[in-house]
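Coordinate inspection notes
The lines below spell out each chain.
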Amino acid sequence: MAQEDEWEREGLLDPEWEKQQRKTFTAWCNSHLRKAGTNIENIDEDFRNGLKLMLLLEVISGEVLPRPERGKMRVHRIANVNKALEFIESKGVRLVSIGAEEIVDGNLKMTLGMIWTIILRFAIQDISVEEMSAKEGLLLWCQRKTEPCNNVNVKNFHTSFKDGLAF
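Attention in this report is confined to the structure presented alongside it.

Observations regarding the overall build of the chain
Helix and strand counts for the chain come out as 8 helices and 0 strands. Across the 167 residues in the chain, those meeting the buried criterion constitute 38%. Sequence-distant contacts in the chain: of pairs separated by 6 or more residues, those separated by 24 or more amount to 45%. Here the chain has roughly 10100 Å² of accessible surface; of this, 49% comes from carbon and sulfur atoms.

Structural data, given as structure tokens:
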């Protein structure tokens, strides 16, 4: 428990949890980016200029975002990521403590948080299972899918996925 407290104080993720999130979120992003003929390799690097992030949002929303800045300077990258974040917020999603600078700087924790927010808004929110919230419905779906698996007991989205068996 002391190690987890230290990670939390330093704003770090459990390395195994981080590895699973990277892998899962990268696969989710690529499943959508393939529709536009591209992909990402490194989730905390490939969204830094905002271009693939904007493209991802266009693919999953079916809407066109404002034209991106084509320059390579930091100011252009921040402008592009801001366009993406403003689009997300225009859909009623509140982005707590996630700013363009963190994404441009490659802050993994913020990038993963942003992708999780995008997943919740664009992939999970519209799910309705037996009048449950989207998150509850997704948890129920995970429980049903993993029920026949030995040693897999999905109770939540944090500790139940820590060992990777639920994936």
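A few points about the nonpolar core
Within the largest apolar cluster, 32 residues are counted, with the highest numbers of intra-cluster contacts made by Cys29, Ile43, Phe47, Leu57, Ile115 and Ile118. Of all the secondary-structure elements, those providing two or more residues to this core are α2 (15-33), α4 (51-61), α5 (74-90), α6 (100-104) and α7 (108-124). Examining the composition of this core, we find that 7 residues originate from one element, α7, more than from any other. Core analysis: the second largest hydrophobic core is formed by 8 residues, Leu138, Leu139, Cys142 and Val152 among them.

Here's the deal with the packing of aromatic side chains
Per the stated rule, a full pass over the model turns up 2 aromatic pairs. Seen in terms of ring centroids, phenylalanine 25 and tryptophan 116 are 6.1 Å apart; in terms of plane orientation they differ by 5°. Their pairing is stacked. Pair noted here: phenylalanine 25 is in helix α2 and tryptophan 116 is in helix α7, with a separation of 91 residues, a long-range link. Judged by its relative accessible area of 27%, tryptophan 116 is partly exposed.

Here's the deal with the environment of tryptophan 28
With respect to the secondary-structure elements, tryptophan 28 resides in helix α2. The class for tryptophan 28 is buried, based on a relative accessible area of 16%. Not counting residues up to four positions away in its chain, the partners in contact with tryptophan 28 are Leu56, Ile60, Ile118, Ile119 and Ala123.

Notes on the pattern of salt bridges
This structure, assessed with the given rule, holds 6 salt bridges. For arginine 22, the salt bridge goes to glutamate 18, with nearest N and O atoms at 3.6 Å. You can see arginine 22 and its partner glutamate 18 sitting in helix α2, 4 residues apart, about one turn around the helix. With relative accessibility at 27%, the residue arginine 22 sits in the partly exposed group. Among the ionic pairs, arginine 48 bridges to glutamate 45, the shortest N-O distance being 3.1 Å. Taking the relative accessible area as the measure of exposure, glutamate 45 reaches 39% and is therefore partly exposed. When salt bridges with common partners are traced through the structure, they connect Glu18, Arg22 and Asp44 into a single cluster.

What to know about unusual backbone geometry
Even without being a glycine, serine 97 presents a positive backbone phi close to 65°. Tracing the backbone through its elements, the reader meets serine 97 in the loop between α5 and α6. Phi at asparagine 151 is positive, roughly 65°, even though this residue is not glycine. The residue asparagine 151 is located in the segment after α8 (134-146) in this model.

Concerning α4
Taken together, the buried positions of α4 are Leu53, Met54, Leu56, Leu57 and Ile60. Summarising the axial view, the buried residues of α4 lie within an arc of 155°, below the 170-degree limit, and thus occupy one face. Immediately beyond the C-terminal end of α4, within one or two residues, lies glycine 62, with a positive phi of roughly 75°.

What counts, and where the lines are drawn
- Residues numbered from 1 in each chain as written.
- Predicted model: local features only at pLDDT ≥ 70, side-chain atom pairs only at ≥ 80, totals over all residues.
- Heavy atoms only, no water.
- Helix = DSSP H or I, 4+ residues; strand = E, 2+ residues; numbered from the N terminus.
- Buried < 20%, exposed > 50% of the residue type's maximum accessible area, 1.4 Å probe, protein only.
- Contact = heavy atoms within 4.5 Å.
- Areas by Shrake-Rupley, 256 points an atom, 1.4 Å probe, with all protein chains shown as cover.
- Core = buried A, V, L, I, M, F, W, Y, C linked by side-chain atoms within 4.5 Å.
- Phe/Tyr/Trp six-rings, centres within 6.5 Å; stacked < 30°, edge-to-face > 60°.
- Salt bridge = Lys/Arg side-chain N within 4 Å of Asp/Glu carboxyl O.
- Arc of directions from axis to C-beta.

Purely geometric stuff here, so don't read any function into it on its own.
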